[in-house]
Amino acid sequence: MFNDIGALELVTIVVLAILIFGPEKLPKVIQDVSGVIRKIRAFSDSAKQDIRSELGPEFKDFEFEDLNPKTFIRKQLTENEDLKEIRSSFDLRKELNDVTDAVNSKEADPVPGDAPAAPAAGAAPAPGGPDLVKRAAPPAPEQRAPFDADAT
C-alpha cells in the first residue's frame, strides 16, 4: 500500500504527528487510525465475499486485482495458448533480415560521388520484385478530367 514512501517521508510524518498531536495524545490517535483501517479492511473483505457469492461458482477463482487493466492484459498475454504459439513461431530477427535482404537486392549500389538516379515516372518495376516506389502511372490524356476555370 505504501511501497513508495521512503525513510525521509516516514520520519517527516512522524515528526509532524508529534508536533500536531503531542506526545501524550499520539498513542490514542494511532489506535484510532489503526482501528479505522481495520474496519475498512473488514468492510472491503466482506464486500468482496458478497460479490463472489453473488457471481456464483463459475467465478470462484475471480480476483479483483484482475480488474486492473495492466494486470488483465498481462494475464491474457501470458496465459493465452494461441498467443504463445504465435510468439514462438514468429522470429522478428529473421523477418527483419528477409526484408533488409529484399530491399538491398532491389537497389543498385550507387557509385560514390554520383547522385542517386531517380526512376522514371512511367518506369516499370524490375522483374521478380514489387514496386517499392509506389508511383502510379500518369493517366492517359483521354482519362483526365477537363479543366474548368470557373471551378477554381
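Read on for a plain summary of the structure. (Residues numbered from 1 in each chain as written. Predicted model: local features only at pLDDT ≥ 70, side-chain atom pairs only at ≥ 80, totals over all residues. Heavy atoms only, no water.)

Considerations on helix 1 (residues 7-55)
Counted at 1.5 Å a residue, the expected span for helix 1 with its 49 residues is 72 Å, but the 42 Å between its end C-alpha atoms falls short. The principal kink in helix 1, of about 105 degrees, is found at Gly22, preceding the proline Pro23 by one to four residues. Three or more residues of helix 1 are buried, namely Ala17, Gly22, Leu26, Gly35 and Arg52. Of the residues one or two after helix 1, Gly56 is the one with positive phi, at around 105 degrees. (Helix = DSSP H or I, 4+ residues; strand = E, 2+ residues; numbered from the N terminus. Expected span 1.5 Å × (residues − 1). Bend = angle between axes of the 7 residues up to and from the residue. Buried < 20%, exposed > 50% of the residue type's maximum accessible area, 1.4 Å probe, protein only.)

Notes on a nonpolar patch on the surface
Taken together, the side chains of Val11, Val15, Leu16, Leu19, Ile20 and Phe21 present a nonpolar region at the surface, about 600 Å² in accessible area. The exposure class of Leu16 is partly exposed, given its relative accessible area of 45%. (Patch = residues over 30% accessible without salt bridge, like charges linked within 9 Å, V, L, I, M, F, W, Y side chains within 5 Å. Areas by Shrake-Rupley, 256 points an atom, 1.4 Å probe, with all protein chains shown as cover. Salt bridge = Lys/Arg side-chain N within 4 Å of Asp/Glu carboxyl O.)

What to know about the pattern of salt bridges
Enumeration over the complete set of coordinates arrives at two salt bridges. For Lys28, the salt bridge identified is with Asp32, shortest N-O distance 3.2 Å. Taken together, the residues Lys28 and Asp32, both in helix 1 and four residues apart, mark about one turn of the helix. The salt bridge involving Asp98 is made with Lys94; its shortest N-O contact spans 3.4 Å. With Asp98 and Lys94 both in helix 4 (residues 92-106) and four residues apart, the pair spans about one turn of that helix. On the basis of relative accessible area, Asp98 is assigned to the partly exposed category, the value being 37%.

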